[in-house]
Each structure stands twice: as structure tokens, then as C-alpha cells.
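Inside the fold
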Amino acid sequence: MLKALAKGMGTTLRMLLRRKPTIRYPYVKKERSARFRGRHELRRYENGLEMCIGCELCQVACPAAAITVMPAENDPARPNSPGERYAWKYEIDMLRCIFCGLCEEACPTEALHLTREFELADFSRQSLIFGRDRLVNKHTSPFKVPHHVYPDYHGWRPVHESEAEHAPAAESGAPASSAQASERGAARSEEAQPA
Amino acid sequence: MEMTNNQFFLTSVEKFVRWAQKSSIWPLTFGLACCAIEMMNLVSPRYDMAQFGAEVFRSTPRQADLMIVSGRLSNKMVPVIEQVYRQMPDPKWVVAMGACASSGGIFDNYAIVQGVDEVLPVDIYVPGCPPSPDAVIYAVLKLREAIASGQAHGGVMRA
């Protein structure tokens, strides 16, 4: 009997000396992998413009129908995003969301990103519908605006007017048009100041 | 009514009772779906919820204070969950764990209740599919603070 007791207590003693497996959660947080999918964020370009162009592809891709996007046209004087439109209303119902990351994959501008933040619990359903105020980043990211992607945007005009403007440029040949393009690029970098 | 001028004793007792309530929220073993697998992890040595007073999962509602609704609730299950909730002694709290329990999640169809708050008074919602055990521990800690400050009384069943 004594032998069995000693054996049992020996096991206890051995376990006592072993490294504790417990993560002391509120004080020490577990290291998440880079691919962990938590709370969403809408990123900004380095000049402060929002990357989201309000294309609604994330809304279409979402299997839980948790995302609501309502785009609006940019004001050319004070644009929110480099494109023609921006997400005027952007809501994610965190309680519907299953954090599958399909929205992140669907996003053509890589604006939507799932962070590693997981502490989201709250007391009401309404407070867990995240809007633009909680989704759009306050800080900028190192991404640069891809100027070759976005066409010039000076506000909405009737189609025949813009066609008339482009017609002489096509006749004058390559060098002139490239000079024009660089001019336009300069004009855009001026107007692309953070709103 | 005579005591309105001197409530020192009563408030102290109430504070003590709240402290006692928040320090021993024993959860109920009530797994409904895949979230229950993460719920099991709560009492594993890795996430050890016993350090916050949620000592053991009780298999009978008579001994439980906290119902963690872990998983989708089907319409067929509603009478069962209502009975189990009634059998729990007051005060009692409900955590809606995961997307399905909180809002129905991706199962927006005829069979699934669109959020357990349609049948039970939910105290705290945890987003995630499934939420990681530390996300649930975060919710329980938040609930503990709410109990201590008197915001979460341990709801009474809707008539």
C-alpha cells in the first residue's frame, strides 16, 4: 500500500514541477497566428484616402449576409477614396458574421482586412453592429494609391461631354497623351490630400 | 419604509451578495452544436475558467447559475431550453455564444431561432464562429463586472 501511495504522490510531485499549461488570459494573451481572422478593419492609403471604393463585392460574397454597403459618389474637391465612389454607409453585423474571410478575399482594393482582435463581446445586439466609425481605421497604412488603376475623376458629367474631351487626345498620338497623363497625375496628387 | 434614512446595512449586504454572486458563476452543461467543443475547452487546464469562480460545469440546472447557449437553437429545442432555464435557480445569467446563438448566423431559415434572445433574456453576446475560449472568458469577465456593478441582475423569464 505504501508503495502505491508513494507512486501516486510521486506523480503529483512530477506534475507540480512541470511547466504550467494555463494561459493566464486577461494578463497574458495567447499569441495569434498572422492568419487569425478577428474584427474587420477598413484600411487607408498612406495619404489618408480610404481604400474602400464602395463596390459592394464584400456584401455579395458574405454567406451570412452580415455586410451592408451603401456607396455614394465622391466629391472631387474633397474625395474620401481615390475611385469614383466611396462607402457612404458600411455596416457589419458582428453577430451574424462567421469570420470566414470571404469578404477579405472578394475585396478588389484590399481595403477590408480581418485583424487579430477577438475581444468583441457586448451586452446588446445593436452595439455589435459596427458602422464606419468603428471599422474605418484612424491611422494610415503603408499602401500607396495605384494611380494607374484609377481613371481621372472630376465629378459626374454627361457621357457625350467626356467623349468629346477624349477624342482629340486619341488623334494627337502617343507622346502628347503621355505628357497629358503626367500632368493629370500631378493634378491628382494635389487633390488627393486627406479629407 | 422606516429605514430610508439609514440604508448603510442594506447596501453593504447587497454589495456582499453581488460579490458572492459574481465569484461563483457555475455554468450549465448545455452544448447545442459545434460551439460546445470550444466551450469544453473553458474548463481544460489551458484556459482554466475555474480561476474566475466558474468552477465546474454542472449537469443539472438546479445547481447552475450561468447558461452558455453554445450553438444554433432549433425551433424544436425551444420548449426544452425554456424548461431548463426555468429549472435554474435565481439569479441566473445567459451567455449567447457564437453567431448562431446570438443572431442565427448563416442559418437564416425556417428551422433555426434567429437569436436566443427571442426566447431567453440574454445578458451578453459573444461574436465568433466559434468564438475562441479566451473570447468567451472575456465575456464572462465582462459579465462578472456587470454583476458586481449591479447592471446584470440575473434575468427573469419573459411571461
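Now for a description of the structure that goes with this document. This structure is a prediction, so every number in the text was calculated from the model and none was measured.

Definitions and limits used
Residues numbered from 1 in each chain as written. Chains lettered and ligands numbered in written order. Predicted model: local features only at pLDDT ≥ 70, side-chain atom pairs only at ≥ 80, totals over all residues. Heavy atoms only, no water. Salt bridge = Lys/Arg side-chain N within 4 Å of Asp/Glu carboxyl O. Helix = DSSP H or I, 4+ residues; strand = E, 2+ residues; numbered from the N terminus. Buried < 20%, exposed > 50% of the residue type's maximum accessible area, 1.4 Å probe, protein only. Lys, Arg positive; Asp, Glu negative; His and termini not counted. Contact = heavy atoms within 4.5 Å. Core = buried A, V, L, I, M, F, W, Y, C linked by side-chain atoms within 4.5 Å. Pairing = 2+ DSSP bridges. Axes fitted to C-alpha atoms, helices over the stretch in contact; angles between N-to-C directions. Polar contact = N/O pair within 3.5 Å; in protein donor to acceptor, adjacent residues only side chain to side chain. Buried area = accessible area lost by both parts, 1.4 Å probe.

1. Side note on the pattern of salt bridges
As enumerated under the stated definition, the model contains 8 salt bridges over all chains in all. With its nearest N and O atoms 3.3 Å apart, the salt bridge here joins Lys29(A) to Glu119(A). Residue Lys29(A) is found in the loop between helix H1 (2-17) and strand S1 (40-42), and its partner Glu119(A) is found in the loop between strand S4 (112-114) and strand S5 (129-130); the two are separated by 90 residues along the sequence. Residue classification places Lys29(A) among the partly exposed residues on the basis of a relative accessible area of 45%. A relative accessible area of 22% places Glu119(A) in the partly exposed class. Between Glu14(B) and Arg18(B) there is a salt bridge, with the nearest N and O atoms lying 2.7 Å from each other. With Glu14(B) and Arg18(B) both in helix H1 (residues 8-22), this residue pair falls 4 residues apart, about one helical turn. Given a relative accessible area of 41%, Glu14(B) falls into the partly exposed group.

2. A look at the side chain of Asp123(B)
Positionally, Asp123(B) belongs in the loop between helix H4 (98-103) and strand S4 (124-126). No salt bridge forms around the buried Asp123(B); measuring N to O, its nearest opposite-charge neighbour Lys92(B) is 10 Å away. Aside from chain neighbours lying at most four places away, what touches Asp123(B) is Phe123(A), Lys92(B), Trp93(B), Val94(B), Leu143(B) and Ala152(B).

3. Re the nonpolar core
Nonpolar side chains in soluble globular proteins tend to end up buried together. Ile67(A), Tyr90(A), Met67(B), Val69(B), Leu73(B), Ile81(B) and Leu120(B) are the most contacted members of the largest nonpolar core, which totals 51 residues. Listed by contribution, the elements that provide at least two residues to this core are strand S2 (67-73), strand S3 (85-93) and S4 of chain A together with strand S2 (66-70), helix H3 (78-87) and strand S3 (93-97) of chain B. No other element matches the 4 residues that H3(B) contributes to this core.

4. As for the sheet that holds S2(B)
All names here are of chain B. Taking strand neighbours across the sheet as the criterion, the 4 strands line up as S1-S2-S3-S4 in an open arrangement whose pairing is parallel. Where the open sheet ends on each side, the last strands, each with one partner, are strand S1 (27-28) and S4. Against the sheet, H3 contacts S1, S2 and S3, and its axis sits at roughly 160° relative to S2. Against the sheet, helix H5 (residues 133-148) engages S2, S3 and S4, with an angle of about 165° to S4.

5. A look at the side chain of Asn137(A)
Residue and element names in this part refer to chain A. In this fold, Asn137 is placed in the loop between helix H4 (132-135) and helix H5 (159-172). Side chain to side chain, Asn137 and Glu41 meet in a polar contact 3.0 Å long. The residues touching Asn137, leaving out its near neighbours within four places in the chain, are Glu41, Leu42, Arg43 and Arg44.

6. Side note on the interface of chain A and chain B
Contacts between the two partners involve 25 residues from chain A and, on the opposite side, 32 residues from chain B. Each partner contributes to the roughly 2,500 Å² buried at the junction of chain A and chain B, and carbon and sulfur atoms together form 60% of this total. Taken together, chain A and chain B are joined by 3 salt bridges. Lys142(B) serves as the salt-bridge partner of Asp122(A), at 3.7 Å between the closest nitrogen and oxygen.

7. Side note on the environment of Asp48(B)
Tracing the sequence through the fold places Asp48(B) in the loop between helix H2 (35-41) and S2. When its relative accessible area of 24% is taken as the criterion, Asp48(B) is described as partly exposed. The sequence separation of Asp48(B) and Gln83(B) amounts to 35 residues, and the corresponding C-alpha distance is 29 Å. Leaving out residues up to four positions away in the same chain, Asp48(B) has contacts with Thr22(A) and Leu42(B).

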